[in-house]
Amino acid sequence: RPPRFPFPSSPSVSPAADPAVISPQDPTLLIGSSLVATCTVSPESHLRAEDLYWTLNGRRLPATSYTTLGPTTLSVALSRLNGSKQQSGDNLVCHSRDGGILAGSCLYVGLPPEKPVNISCWSKNMKDLTCKWAPGAEGETFLHTNYTLKYKLRWYGRDNTCQEYHAAGTYSCRIPKDLALFTPYEIWVEASNRMGVAVSDVVMLDILDVVTTDPPPDVHVSRVGDLEDQLSVRWSSPPALKDFLFQAKYQIQYRVEDSSEWKVVDDVGNQTSCRLAGLRPGTVYFVQVRCNPFGIYGSKSAGIWSDWSNPTAASTPRSERAAGGCDPKGGEQNTTLRRELKQFFGWVRKHSYGCSNLGIKLYDQWRVWLQKSHKARNQVGKDPSA
């Protein structure tokens with residue numbers, strides 16, 4: 001951060017006297033404005049206008065922009081000013097011929113703040129409230145802009161000011177405690193800088209409608225016997241859910257090891273286990289689970305999803321049919337088996353909604369029977385001495 005003005009006096013001048021004065025001092029200007037500033041040296045400095053020059057942010061301004069207004073006064077003209085290069089203001093400095101600093105002024109060139117938008121809030125386990133927002137359509141004002149999150153109970157109570165800023169990013173604030181339940185809050189954001197104030201629209205919310213929680217812990221992924229296209233996923237409810245009454249629903253996403261594309265299972269419901277089917281044999285899968293508390297104390301909100309759990313990996317068994325060679329007749333049988341499996345599995349997925357225990361168990365029984373039948377057929381015709 002650059003030094004603030006006024007600058008210290010030069011060694012040849014008494015500290016009690018200012019060697020020069022700049023006017024106007026620390027002006028605030030709109031982008032595109034023009035400015036004429038003057039530097040007047042004191043008689044005690046024994047300097048004249050021709051002994052002076054100007055710099056802006058350390059860069060010497062051309063003499064063609066100067067005008068001598070008197071024996072001890074030199075002006076500089078600045079036109080079509082751009083936004084300040086630093087939010088603390090641009091340094092306009094008057095120097096003596098030997099480079100000494102005589103006086104300085106800060107130029108604040110920018111825009112008034114815009115109305116903050118897109119306010120969203122969430123409560124972690126009903127113990128706090130965090131809100132974030134966007135600074136407006138343009139955002140950049142080129143001036144230091146303060147954002148203040150304010151809130152109050154809808155029907156009574158005084159305005160309160162949030163204190164813990166940057167909790168979830170640059171434009172965010174966290175209210176850590178003393179929250180009221182069953183009473184809606186009014187929440188808004190005020191933006192202010194040297195050129196004005198802008199206030200967001202008021203958002204009304206109930207804490208119970210914006211609750212989120214921790215990701216489900218203890219996620220385990222395991223094989224389902226020898227079934228090469230399935231994995232079983234189990235997890236525990238987040239511990240905080242035991243502290244308050246509500247329902248929870250879960251969601252699973254999974255991907256293969258060599259892909260960044262996740263597939264989502266939306267219909268897990270409130271159970272803490274699920275079967276993934278239709279997977280590729282002999283493939284490593286990464287699985288994550290998240291939780292959404294909903295229906296808390298009668299709330300009709302859709303709820304807010306937690307973060308995803310850390311990825312858990314498991315692999316499906318390799319397909320026995322894919323190993324070794326086979327005769328044309330066996331190949332035809334494998335083709336028929338795959339076709340029948342595909343048809344039956346499509347029926348199961350269509351009617352089981354992804355996680356129906358009844359449908360999956362029926363499918364498992366059918367698959368095991370087919371695999372045993374297939375192995376028995378492969379033994380027929382083999383030479384025992386081979």
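The following paragraphs examine the structure supplied in this document. (Residues numbered from 1 in each chain as written. Predicted model: local features only at pLDDT ≥ 70, side-chain atom pairs only at ≥ 80, totals over all residues. Heavy atoms only, no water.)

For the rest of this paragraph, the subject is the nonpolar core. With 24 residues, the main nonpolar core has Trp 54, Leu 61, Leu 78 and Leu 92 as its most contacted residues. Of all the secondary structure elements, the ones that give two or more residues to this core are β1 (20-23), β3 (35-41), β4 (52-56), β7 (73-78), β8 (90-96) and β9 (101-110). Once residues within four sequence positions are removed from consideration, Leu 78 is found in contact with Ser 34, Leu 35, Leu 61, Leu 92 and Leu 107. Leu 241, Cys 274, Leu 276 and Leu 279 belong to the second-largest nonpolar core, a separate cluster that totals 21 residues. (Core = buried A, V, L, I, M, F, W, Y, C linked by side-chain atoms within 4.5 Å. Buried < 20%, exposed > 50% of the residue type's maximum accessible area, 1.4 Å probe, protein only. Helix = DSSP H or I, 4+ residues; strand = E, 2+ residues; numbered from the N terminus. Contact = heavy atoms within 4.5 Å.)

To describe a pair of aromatic rings, one takes the distance between the centres and the angle between the planes. What the rule picks out here adds up to 5 aromatic pairs. Note on Trp 133 and Tyr 147: the rings are 6.4 Å apart at their centroids and 40° apart in plane angle, and the pair reads as tilted. Of this pair, Trp 133 sits in strand β11 (residues 129-134) while Tyr 147 sits in strand β12 (residues 146-153), and the two are 14 residues apart along the sequence. Residue placement shows Arg 194 over the ring face of Tyr 108; its charged tip is 3.6 Å from the ring centre. (Phe/Tyr/Trp six-rings, centres within 6.5 Å; stacked < 30°, edge-to-face > 60°. Lys NZ or Arg CZ within 6 Å of the ring centre and 35° of its normal.)

What follows covers the pattern of salt bridges. Pairing is possible between side chains of opposite charge, provided their charged atoms come close. Considering all chains together, one arrives at 7 salt bridges under this definition. Here Glu 50 makes a salt bridge to Arg 48, at a shortest N to O gap of 3.5 Å. Residue classification places Glu 50 among the exposed residues on the basis of a relative accessible area of 54%. Taking relative accessible area as the criterion, Arg 48 reaches 43% and is therefore assigned partly exposed. Three or more residues are tied together by salt bridges with common partners; here these are Asp 128, Glu 164 and Arg 174. (Salt bridge = Lys/Arg side-chain N within 4 Å of Asp/Glu carboxyl O.)

The subject of this paragraph is the side chain of Ser 42. Position of Ser 42 among the secondary structure elements: in the loop between β3 and β4. Leaving out residues up to four positions away in the same chain, Ser 42 has contacts with Asp 18, Pro 19 and Ala 20.

The next point concerns the sheet that holds β11. Strand order in this open sheet of 5 strands is β14-β15-β11-β10-β19, and the pairing throughout is mixed. Edge positions in the sheet fall to β14 (164-165) and β19 (211-212), since each has one partner strand and no second. Taken together, the 2 bridges between strand β10 (residues 117-124) and β19 define a ladder with parallel strand orientation. Considered in β19, the bridge of Ser 123 is made with Val 211. (Pairing = 2+ DSSP bridges.)

Next up on the list: the side chain of Arg 255. You can see Arg 255 is positioned in strand β22 (residues 247-256). Buried and unpaired, Arg 255 has no salt bridge, with Asp 258 as the nearest side chain of opposite charge at 7.1 Å. A distance of 3.5 Å separates a polar atom in the side chain of Arg 255 from the backbone oxygen of Glu 257. Setting aside its immediate chain neighbours within four residues, Arg 255 contacts Ser 260, Glu 261, Trp 262, Val 284, Tyr 285 and Phe 286. (Lys, Arg positive; Asp, Glu negative; His and termini not counted. Polar contact = N/O pair within 3.5 Å; in protein donor to acceptor, adjacent residues only side chain to side chain.)

Position of Ser 192 relative to the elements: it lies in strand β16 (residues 185-193). Residues Ser 192 and Thr 148 lie 44 residues apart in sequence; the distance between their C-alpha atoms is 8.5 Å. With residues up to four places along the chain from it excluded, the contact list for Ser 192 reads Pro 113, His 144, Thr 145, Asn 146 and Val 197.

Per the counting criterion, the structure on display carries 3 disulfides. Each disulfide pairs two cysteine sulfurs, and for Cys 162 the partner residue is Cys 173, the sulfurs being separated by 2.0 Å. Negative torsions about the S-S bond denote left-handed disulfides, and the value of about -100° found for Cys 162 with Cys 173 makes this one left-handed. Of this pair, Cys 162 sits in the loop between β13 (160-161) and β14 while Cys 173 sits in strand β15 (residues 172-175); the two residues are 11 residues apart in sequence, bridging distant segments of the chain. (Disulfide = S-S within 2.5 Å.)

Right, let's talk about the pairing of strand β26 (residues 312-315) for a bit. Burial along β26 is one-sided: the face carrying Thr 312 and Ala 314 is buried and the face carrying Ala 313 and Ser 315 is not. Note: strand β25 (residues 284-294) against β26, 4 bridges, orientation antiparallel. The residue of β26 that forms the bridge with Val 284 is Ser 315.

Take unusual backbone geometry next. In this structure, the amide linkage connecting Ser 23 to the following residue, Pro 24, adopts the cis form with an omega of 0°. Phi angles above zero are rare outside glycine, and Asn 57 is one such case at about 55°. The partly exposed category is assigned to Asn 57, whose relative accessible area is 32%. The phi dihedral of Asp 218 falls on the positive side, at around 55°, and the residue is not glycine. Of note, Asp 218 is situated in the loop between β19 and β20 (220-224). Asp 218 sits in the partly exposed class, given a relative accessible area of 49%.

On their own, these measurements won't tell you what the molecule is for.
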